[in-house]
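Listed here are the chains, written in short residue letters.
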Amino acid sequence: MTTGSREPRGEGRRFAIVVARFNDFVTARLARAAVATLHEHGVAEADVEEIAVPGAFELPLAARRVAASGRFHAVICLGAVIRGETPHFDFVAAECARGVADAGRDLGLPVIFGVLTTDNPEQAMDRAGGAAGNKGRDSALAALEMAELLARWPEGAR
Ligand code: INI
């Protein structure tokens, strides 16, 4: 038997969306889709809070603080790291991915990695409502599903 829902409901649950301003021509589209998806699944307007940070590198610290507040059932991190001429991309992308994963594990809360890492702006736009879907929507669905899963599997004694 497999449990877990592809159509998770969000009534009564609260979500934070931490979104990087860097490459906001992409990240604004991710955030819009994430908010819309949460509402489509029953999350009330007052139960979604958007928090902006300068860039993807700042997502882990902000997500950790927001998750630690105890006010949310999941935190969704959104960003777009687009490869340039320098190795900066690799540092930002790697630190962001590791930091977001650590925040979720350390705090025992779903902290969703909705950060695009692409070679160019076209690939990013494709994944922000273009031909390849919208990472913001996918991230909201992951947050809803994980919030539901953790409600079903509360922390045990060990
Ligand atoms: N931040 C991003 O979110 N995406 C990028 O593509 C990016 N690049 O390529 O530089 C980026 N850099 C800024 C970084 O996230 C920090 O905000 C900055 O280094 C200050 O700590």
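Each residue is numbered by its place in its chain's sequence as written, counting from 1. Under the rules for a predicted model, residues below a pLDDT of 70 receive no local features and side-chain atom pairs below 80 are neither given nor counted, while totals for whole chains, interfaces and linings still include all residues. Here the side-chain values reflect all heavy atoms present in the structure, with hydrogen atoms and water set aside.

Trainee: Is there a simple way to explain the nonpolar core in this structure?
Mentor: In a soluble, globular protein the nonpolar side chains are often hidden away together inside. Side-chain atoms within 4.5 Å are what join buried Ala, Val, Leu, Ile, Met, Phe, Trp, Tyr and Cys residues into a set we call a nonpolar core. To sort residues, take the accessible area from a 1.4 Å probe on protein chains only and compare it with the maximum for the residue type: under 20% means buried, over 50% means exposed, and anything in between is partly exposed. Of all hydrophobic cores here, the largest spans 24 residues; its most connected members are Phe15, Ile17, Val26, Leu38, Ile76 and Leu78. Numbering goes from the N terminus for both helices and strands, where a helix is a DSSP run of H or I of at least four residues and a strand is a run of E of at least two. Contributions of two or more residues to this core are made by β1 (15–20), α1 (24–40), β3 (74–82), β4 (111–118) and α5 (135–152). Among the elements that make up this core, the one with the highest residue count is α1 (six residues). Whether two residues are in contact is decided by their heavy atoms: any pair within 4.5 Å suffices. What isoleucine 17 contacts, discounting residues up to four positions off in sequence, is Ala34, Val35, Leu38, Val48, Glu49, Glu50, Ile51, Ile76 and Leu78. One finds Val66, Phe72, Val75 and Cys77 within the second-largest nonpolar core, a separate group that totals 23 residues.

Trainee: How should I be thinking about a nonpolar patch on the surface in this particular structure?
Mentor: Residues Met146, Leu149, Leu150 and Trp153 make up a contiguous nonpolar surface patch of about 370 Å² in total accessible area. Position of leucine 150 relative to the elements: it lies in helix α5. Residue leucine 150 is classed as partly exposed on the basis of its relative accessible area, which comes to 31%. Exposure above 30% relative accessible area and the lack of any salt bridge qualify a residue for a patch; like charges then connect within 9 Å, and the nonpolar side chains Val, Leu, Ile, Met, Phe, Trp and Tyr within 5 Å. Computed with a 1.4 Å probe, the accessible areas rest on the Shrake-Rupley method; for each residue, only the protein chains presented here act as cover. Just to be clear on terms, a salt bridge is a Lys or Arg side-chain nitrogen sitting within 4 Å of an Asp or Glu carboxyl oxygen.

Trainee: Would you mind showing me how to read the site of the ligand here?
Mentor: Throughout, near means a residue has at least one heavy atom within 4 Å of the molecule or strand. Near the ligand, the surroundings consist of Phe22, Asn23, Gly55, Ala56, Phe57, Glu58, Ala80, Val81, Ile82, His88 and Val92. Polar contact is defined as a pair of N or O atoms within 3.5 Å, subject to the rule that within protein one atom must be able to donate a hydrogen and the other to accept it, and that residues adjacent in sequence are counted only when both atoms are side-chain atoms. Note that an oxygen atom of the ligand is positioned 3.1 Å from one of the backbone N or O atoms of phenylalanine 57. At 2.5 Å from an oxygen atom of the ligand is found a side-chain nitrogen or oxygen belonging to glutamate 58. More than half of the atoms of the ligand fall within 2 Å of the grid points belonging to the largest pocket. Sorting the residues of the shell around the ligand by element identifies β3 and α3 (88–107) as the ones contributing at least two each. Broken down by element, the residue count for the shell around the ligand peaks at three residues, all from β3. Here the residues of the shell around the ligand sort into seven nonpolar, three polar and one charged. In the cavity and pocket records, a cavity denotes points on a 1 Å grid over the protein atoms alone where a 1.4 Å probe fits but cannot get out, a pocket denotes an open set with protein on both sides within 12 Å along at least 5 of 7 lines, and lining residues are residues with an atom within 4 Å of a point. Here the criterion for a molecule occupying a pocket or cavity is that more than half of its atoms lie within 2 Å of the pocket grid points. We call Asp, Glu, Lys and Arg charged. Ala, Val, Leu, Ile, Met, Phe, Trp, Tyr, Cys and Pro are nonpolar, and the rest, Gly among them, are polar.

Trainee: Could you clarify how one ought to interpret the packing of α1 against α5 in this entry?
Mentor: For any two helices packed against each other, one specifies the inter-axial angle together with the distance between the axes. Here α1 crosses α5 at 40°, and the two axes come no closer than 7 Å. In terms of orientation, α1 lies oblique with respect to α5. Along this stretch, α1 crosses α5, giving a crossing that reads as right-handed. Here Leu30, Ala33, Ala34, Thr37, Leu38 and Glu40 of α1 come into contact with α5, specifically with Lys135, Gly136, Arg137, Ala140, Leu141 and Leu144. Partitioned by chemical class, the residues of the contact of α1 with α5 number seven nonpolar, two polar and three charged. Axis geometry follows a simple rule: fit a line to the C-alpha atoms, using only the stretch in contact for helices, then measure angles between N-to-C directions, giving values from 0 to 180 degrees. Here the angle decides the label: under 35 degrees means roughly parallel, over 145 means roughly antiparallel, 65 to 115 means roughly perpendicular, and every other value means oblique. For any pair of crossing helices, the crossing counts as left-handed if the nearer helix is rotated counterclockwise from the farther one by less than a right angle, and right-handed if it is rotated clockwise.

Trainee: Explain the pattern of salt bridges here, please?
Mentor: The full count for this structure, using the stated rule, is nine salt bridges. Of the charged contacts, one joins glutamate 11 and arginine 9 as a salt bridge, the two residues approaching to 2.8 Å between their closest N and O atoms. For arginine 64, the salt bridge is made with aspartate 106, and the minimal N-O distance between the two is 2.7 Å. Taken together, the residues arginine 64 in helix α2 (residues 59–68) and aspartate 106 in helix α3 connect sequence positions 42 residues apart.

Trainee: Would you take a moment to explain the state of the cysteines for this structure?
Mentor: Here, disulfide denotes a covalent bond that connects the sulfur atoms of two cysteines. For the purposes of this analysis, a disulfide is any pair of cysteine sulfur atoms at a distance within 2.5 Å. Counted by the stated rule, this structure contains zero disulfides. Cysteine 77 forms no disulfide, and the closest cysteine sulfur to it belongs to cysteine 96, at a distance of 6.9 Å. We classify cysteine 77 as buried; its relative accessible area is 0%.

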